[in-house]
There are 2 protein chains.
Amino acid sequence: MDDMKHDPSNDSSGDAIEAYVLDEQIGYALRKANQRHMTIFGEKMLDGLTPTQFSALFRLVESPGPQSQNALGRSVAMDAATIKGVVNRLEARGLVMSRKDEVDRRRYVIEATAKGRELIKAAMPVMAEITEATMAPLTIAERRTILRLLAKLS
Amino acid sequence: MDDMKHDPSNDSSGDAIEAYVLDEQIGYALRKANQRHMTIFGEKMLDGLTPTQFSALFRLVESPGPQSQNALGRSVAMDAATIKGVVNRLEARGLVMSRKDEVDRRRYVIEATAKGRELIKAAMPVMAEITEATMAPLTIAERRTILRLLAKLS
DNA sequence: GGGAATACATTTGTATACTAATGAAAAGTG
DNA sequence: CACTTTTCATTAGTATACAAATGTATTCCC
């Protein structure tokens with residue numbers, strides 16, 4: 001009888017440490033996949049642009065008009081504190097400009113500069129390379145599948 | 001002829017800004033899925049244990065003997081600088097202990113305390129909840145698939 | 001045995017990322 | 001119109017994450 005206490009197969013609730021494989025947990029797997037992608041991104045992207053910086057700048061370049069800082073943040077899934085730092089660094093590098101909104105005086109209006117637009121343009125084929133390198137271990141069908149499943153998780 | 005310059009369908013190289021959908025990029029999708037998972041984790045996990053802290057502490061609890069700090073880091077995919085901070089915070093909370101290795105005097109040996117082991121034990125059913133909440137949008141088959149594909153990307 | 005290469009740990013610096021608190025401006029409501 | 005709520009932006013604090021530089025200890029190998 002004493003044996004049962006240490007036999008994981010008797011623990012039907014599944015909360016035994018022995019049965020838990022860290023590498024097969026969704027959070028751990030997401031973190032590691034993201035880690036590898038960011039390494040590839042860092043190796044290939046132009047001018048040391050980071051993934052977040054690329055996302056924010058891309059959104060500014062593709063969108064019709066300028067946007068407020070917070071609105072830009074929401075459109076790339078960054079909170080106010082995070083997007084502030086990103087915009088600051090983009091601005092320090094001359095890729096975006098910000099100015100006070102004259103109508104709504106709480107707001108800052110953020111806009112891509114010509115330099116920022118050109119960098120995004122030049123980065124497009126690089127992004128294709130980054131995607132290819134990241135997705136290389138997957139078949140074409142698997143690439144579609146993982147994007148579909150990740151979208152469901154968001 | 002002038003029209004062709006602005007028609008994205010003529011750009012067979014696929015590097016036109018218009019054809020690039022940020023939300024469908026692997027990096028962006030990974031970041032957002034990870035973000036949602038970490039929110040769920042933060043809402044449910046005991047004692048404010050973070051995902052990284054949980055991983056490191058879990059590894060210590062499940063492994064037979066104590067480990068050096070760097071070895072522990074490697075086993076949970078964290079570099080030396082990152083694992084140092086994680087171990088410091090775990091130690092400050094009395095969940096792990098570290099001591100100089102008497103054989104190899106470069107090393108610090110890290111070990112889970114009784115308190116750390118009990119926390120991991122108590123966290124196991126919580127992890128099951130976190131996994132369930134994170135995976136909720138997926139069918140059982142899709143859950144298996146995404147874990148398999150994420151593993152391939154790592 | 002001794003020099004080169006490697007491994008361990010730390011520190012500094014930069015970049016996300018989120019919480020919570022604050023203050024100012026705008027919007028909504030009775 | 002006055003009051004409440006919301007929105008915008010900033011700041012401080014905490015926690016990953018990685019690169020690069022440093023110093024010490026160990027291992028490799030001739």
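Residues numbered from 1 in each chain as written. Chains lettered and ligands numbered in written order. Predicted model: local features only at pLDDT ≥ 70, side-chain atom pairs only at ≥ 80, totals over all residues. Heavy atoms only, no water.

Asker: I tried to follow the layout of surface pockets on my own but got confused; where do I start?
Answerer: Unfilled space is identified by rolling a water-sized probe across the atoms. By volume, the largest pocket is sized at about 550 Å³. Residue lining of the largest pocket: 34 residues in total, with Asn-34 and Met-38 of chain A together with Arg-31, Asn-34 and Met-38 of chain B positioned closest to the centre. Of all the elements in the fold, those that place two or more residues in the lining of the largest pocket are helix H1 (26-44), helix H2 (51-62) and helix H5 (114-135) of chain A together with helix H1 (26-44) and helix H2 (51-62) of chain B. Sorting elements by how many residues they give to the lining of the largest pocket places H1 of chain B first, with nine residues. Its residues assigned to classes, the lining of the largest pocket shows 17 nonpolar, 15 polar and two charged. (1 Å grid on protein atoms, 1.4 Å probe; cavity = no way out; pocket = protein on both sides within 12 Å on 5 of 7 lines; lining within 4 Å. Points joined across faces, edges and corners; volume = space filled by probe spheres on them. Helix = DSSP H or I, 4+ residues; strand = E, 2+ residues; numbered from the N terminus. Nonpolar A, V, L, I, M, F, W, Y, C, P; charged D, E, K, R; others polar.)

Asker: What am I meant to see in the environment of Asp-23 of chain A here?
Answerer: Residue placement: Asp-23 of chain A occurs in the segment before H1. Assessed through its relative accessible area of 41%, Asp-23 of chain A is described here as partly exposed. Each C-alpha atom, one on Asp-23 of chain A and one on Ile-146 of chain A, is 18 Å from the other, the two residues being 123 residues apart in sequence. Excluding anything up to four places from it in sequence, Asp-23 of chain A contacts Tyr-28, Ala-29 and Lys-32 of chain A together with Arg-59 of chain B. A distance of 3.3 Å separates the side chain of Asp-23 of chain A from the side chain of Arg-59 of chain B, its partner in a polar contact. (Buried < 20%, exposed > 50% of the residue type's maximum accessible area, 1.4 Å probe, protein only. Contact = heavy atoms within 4.5 Å. Polar contact = N/O pair within 3.5 Å; in protein donor to acceptor, adjacent residues only side chain to side chain.)

Asker: In this structure, what is going on with the relation of the copies chain A and chain B? I would like to understand it.
Answerer: What relates the two chain copies is a rotation about an axis together with a slide along it. The two copies are related by a screw operation: chain A maps onto chain B through 180 degrees of rotation and 0.0 Å of translation along the axis, at an RMSD of 0.0 Å. Taken together, these values place the two copies in the relation of a two-fold axis. When the interface residues of chain A are mapped onto chain B, 100% of them again fall at the interface, so both copies present the same face. (Least-squares fit on C-alpha atoms with pLDDT ≥ 70 in both.)

Asker: What should I look at first to understand the confidence of the model for chain A in this one?
Answerer: When pLDDT is low, close inspection of the predicted coordinates is not appropriate. The predicted model of chain A averages 91 in pLDDT, with 91% of residues at 70 or higher. Every residue in residues 1-11 of chain A scores below 50 in pLDDT, and together they form three contacts with partners more than four places removed in sequence or on other chains. (pLDDT = per-residue confidence, 0-100.)

Asker: What is the right way to look at the protein's contact with DNA strand C in this model?
Answerer: The full set close to DNA strand C counts 24 residues, and Thr-50, Thr-52 and Arg-89 of chain A together with Asn-70 and Tyr-108 of chain B are the nearest of them. Counting only atoms of DNA strand C within 4 Å of the protein, the sugar-phosphate share comes to 74%. One of the backbone nitrogen or oxygen atoms of Arg-105 of chain A is found 3.0 Å away from a phosphate oxygen of DNA strand C. With respect to DNA strand C, the backbone of Tyr-108 of chain B contributes an N or O atom lying 2.3 Å from a phosphate oxygen. Examining the composition of the surface near DNA strand C, we find that four residues originate from one element, helix H4 (residues 80-92) of chain A, more than from any other. Classifying every residue of the surface near DNA strand C gives six nonpolar, eight polar and ten charged. (Near = heavy atom within 4 Å.)

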